[in-house]
Structure formats: C-alpha cells, structure tokens
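Working through the structure, step by step
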Amino acid sequence: MLTIQKYAAIDIGSNAVRLLISNIIEEKGKPVRFKKSSLVRVPIRLGADVFIKEKISKNNKERMLKTMQAFSLLMQTHNVVRYKACATSAMREAKNGKQIADLVLEETGIKIDIIGGEEEAAIIAATDLQSYIDENKTYLYVDVGGGSTEFSVIDKGEKISSKSFKIGTVRLLNDVVKKEAWQELEEWIKTETSKFEKIDVIGSGGNINKIFKISGKSLGKPLSYFYLTSYYNTLQTYSYEERISQLDLNQDRADVIIPATRIYLSAMKWSGAKDIYVPKIGLADGIIKSIYNDTVKSHTKLK
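This write-up is about the structure you can find in this document. (Residues numbered from 1 in each chain as written. Predicted model: local features only at pLDDT ≥ 70, side-chain atom pairs only at ≥ 80, totals over all residues. Heavy atoms only, no water.)

1. Here's the deal with the overall build of the protein
Along its length, the protein carries 14 helices and 12 strands. Since a compact globule built from 303 residues should have a radius of gyration of about 19 Å, the 19 Å found for the protein is in line with a globular shape. Judged by the C-alpha coordinates and their principal axes, the protein covers about 50 × 50 × 35 Å. Buried positions account for 50% of the 303 residues belonging to the protein. Relative to all contacts within the protein whose residues are 6 or more apart in sequence, the contacts with residues 24 or more apart total 67%. Working note: accessible area of the protein is about 14800 Å², and carbon and sulfur atoms make up 48% of it. (Helix = DSSP H or I, 4+ residues; strand = E, 2+ residues; numbered from the N terminus. Rg over C-alpha atoms; globule rule 2.2 N^0.38 Å. Buried < 20%, exposed > 50% of the residue type's maximum accessible area, 1.4 Å probe, protein only. Contact = heavy atoms within 4.5 Å. Areas by Shrake-Rupley, 256 points an atom, 1.4 Å probe, with all protein chains shown as cover.)

What follows is the structure, encoded as structure tokens:
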C-alpha cells in the first residue's frame, strides 16, 4: 500500500526566506522517501536591517507579510497537511522579531518558531547528512547562513561537539563582525579538531551549493582547498555587476558569495582540511525530516 502526503518547511533566514514542499512517500516494507515537490526562495535579507539597526524595517515587514500570505496560499493549493516555520538569527535578534511573528500568525495563520543556533544545528543534523558520512572519518560540518554559522565536529558518525557563531554572510557584508569573533572561531576549530589526524569539511548553505554546481563536479565528489581558494580569488577580480552579468550569479548571491567562501576557507585552513564535501541539504530539509520524525513536537497542522 502506497501513501503520499505533502509536508512544508518555511526557513526564515537572514538573507532569504524559503518554502520547501516535499512529498512524503510511504510504501509497506520500504523506507520512507522524501521527494522535493516545490521550492520557492524570496531574498528579503532581514539581516541587513537587524544587524545594523537591531530591528526589521517597515518595508521588510510588509515584504515578509506578503511572502507569508503567498506561502500560505501555496501550501493550501498543494494540499500540504503539515508544516513548520523556523526563523533564525535575524528574527531572533530583532527587537520587533516576536511582534512580527505575532502579526504573521494573525494575518496569515502561519505560526513562526524563532529558534536558537543549537536547535538550528540539531534540525540540520536530522537531514540526510548521515548518508554522506563515512564512519571511519572525522568531519567538521559547516553550515553558513546570513546571520550565523553552525559548526559541528563529527567523529565515527557521532556528533561530538558543536557551536554557533555570529559570523554570517550578511553580517560580514555590513562589516559588523568583530575581530574577536574570528579569533574565538579560530581557537574553537583548532581546539576541537587538533585531536584528530585527518579532517574533511562538509559544507552546507546556498553559496557552497552554487559553487559546487559551477564546479561541474559529480555529487559525492569533494571540492579541494586549492579549487575553493582559486575560485575565491577569481570572484574578487570581478565587480558586483560583473559577477551578475558575466558569472551569471543572482543579485542576492553575487555579494554574499564572497564572505561565504571566506568562512568555508577559514574553516578548512584552521582544521587542516584539504577537501570539502557538499551534500544538497539545509535547514528546510531538516525541518521536513523533523516533522516526520516528530522530534520537534511543536509542528502545526495546516488549517
């Protein structure tokens, strides 16, 4: 017997807001399958307001409301049976973050959970990450966002330490990351990885996915430190406009891709990693899995 249900995940990040709709396919005697049905991404860039002015602007509040209204309608037309909406560092740090979450609930019926960095890392870990991990290896997992980056050390298939740092692409673009934050990150990575002989990095986030796609590598093959350094240097020889017109990058990708690459390269350098693996996973995938696994109890049924 075959059953197919649709679940939705809303990821409200510091750079973009995403709606992922997935088919949950259950067949007797077979493992459950998660198949992407639709992905919509809206580059609101909430962090540009919050990391400088500590609140979400009126304009972005309106854009956020319209986006959530559209997402609500899309979920209804797709016959989504369950959803979960998670907001990360921009909404978490905004003085009016909770007020906007309340307004979204009132206007659209969508309940937003404002989650912490540790919970964010845990949700991402609920993805297919395990299927990319060789239990004989040690990894530094790096998930770069607009407002923060989550780091986890995974040894023999087990997460042994993790930490969230307020170093993200939108923060770096707006020059609000202090030198001390970089020093703290360097110290943490070196301390946590020095006990292992060899480390590989696993990278997630829209920017590393884009770089991987551009590289033409087949899924499962890593990017080398040399390749990433070379690409990073190349990016900086182009102006923002040239990155859009000549490198075919979207407007909201063409600027953040440089600070994102800097974070991945720093993580590789400080851990001594020569390779970075890029599985196609992210917070939205983790939310879908967590709804299914019922690990996050506060999921909400779509009215």
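2. Quick notes on unusual backbone geometry
A positive phi angle is found at N79, which is not glycine, with a value near 60°. Mapped onto the elements, N79 comes out in the loop between α2 (58-77) and β4 (80-87). With a phi close to 60°, D248 is a non-glycine residue in the positive phi region. Assignment of secondary structure puts D248 in the loop between α11 (240-245) and α12 (251-254). The exposure class assigned to D248 is exposed, which follows from its relative accessible area of 60%.

3. Some words on helix α4 (residues 97-108)
Over its 12 residues, α4 extends 16 Å from the first C-alpha to the last, a length consistent with the 16 Å expected when each residue adds 1.5 Å. Within α4, the full set of buried residues consists of G97, I100, A101, V104 and T108. Seen from one end, α4 has its buried residues packed into an arc of 105°, which puts them on one side. Turned more than 90 degrees away from the buried face of α4 sit K98, Q99 and E106, all of them exposed. Close packing links the buried residues of α4 with α2, α3 (89-93) and β5 (112-114). (Expected span 1.5 Å × (residues − 1). Arc of directions from axis to C-beta.)

4. Looking at the packing of aromatic side chains
On inspection of all chains with the given rule, the structure shows six aromatic pairs. Aromatic pair W182 and W270: ring centres 6.2 Å apart, planes at 70°, arrangement edge-to-face. On the criterion of sequence distance, the pair formed by W182 in helix α8 (residues 179-193) and W270 in helix α13 (residues 257-271) is long-range, its members being 88 residues apart. As far as burial versus exposure is concerned, W182 and W270 are alike and both buried. (Phe/Tyr/Trp six-rings, centres within 6.5 Å; stacked < 30°, edge-to-face > 60°.)

5. Some details on the layout of surface pockets
Approximately 1300 Å³ is the volume attributed to the largest pocket. Lining the largest pocket we find 48 residues, and of these R18, L39, G206, N209 and I281 sit closest to its centre. Listing elements by their share of the lining of the largest pocket, those giving two or more residues are β2 (17-27), β3 (33-42), β6 (138-144), α9 (206-215) and α14 (283-293). For the lining of the largest pocket, the leading source of residues is α9, giving six residues. Its residues placed into classes, the lining of the largest pocket shows 14 nonpolar, 18 polar and 16 charged. The calculated volume of the second largest pocket comes to roughly 180 Å³. Every residue lining the second largest pocket is listed: V50, F51, E54, E93, K95, K166, R171, V176, V177, K178 and A181. Taken together, the residues of the lining of the second largest pocket break down into five nonpolar, no polar and six charged. (1 Å grid on protein atoms, 1.4 Å probe; cavity = no way out; pocket = protein on both sides within 12 Å on 5 of 7 lines; lining within 4 Å. Points joined across faces, edges and corners; volume = space filled by probe spheres on them. Nonpolar A, V, L, I, M, F, W, Y, C, P; charged D, E, K, R; others polar.)

6. Comments concerning α9
All of the buried residues in α9 are N207, I208, I211 and F212. All buried residues of α9 fall inside an arc of 135° around its axis, so they share one side. Of the residues one or two after α9, G216 is the one with positive phi, at around 75°.

7. Structural notes on the pairing of strand β9 (residues 200-204)
In terms of burial, β9 is largely enclosed, as five of its five residues are buried. Of the strand pairs in this sheet, β6 and β9 are connected by five bridges, and their pairing is parallel. Of the residues in β9, the one forming a bridge with Y141 is I202. Note that β9 and strand β11 (residues 275-277) share two bridges and pair parallel. (Pairing = 2+ DSSP bridges.)

8. Section: the sheet that holds β6
Across the sheet, six strands lie side by side as β8-β7-β6-β9-β11-β10; this open sheet has mixed pairing. On the outer flanks of this sheet lie β8 (158-165) and β10 (223-224), each paired with one strand and no other. Of the pairings in the sheet, the one linking β10 to β11 comprises two bridges and is antiparallel in character. Each residue of the ladder has a partner; that of L223, found in β11, is I276. The strands that α13 touches are β6, β7 (149-155), β9, β10 and β11; relative to β6, the one it contacts most, it runs at about 160°. (Axes fitted to C-alpha atoms, helices over the stretch in contact; angles between N-to-C directions.)

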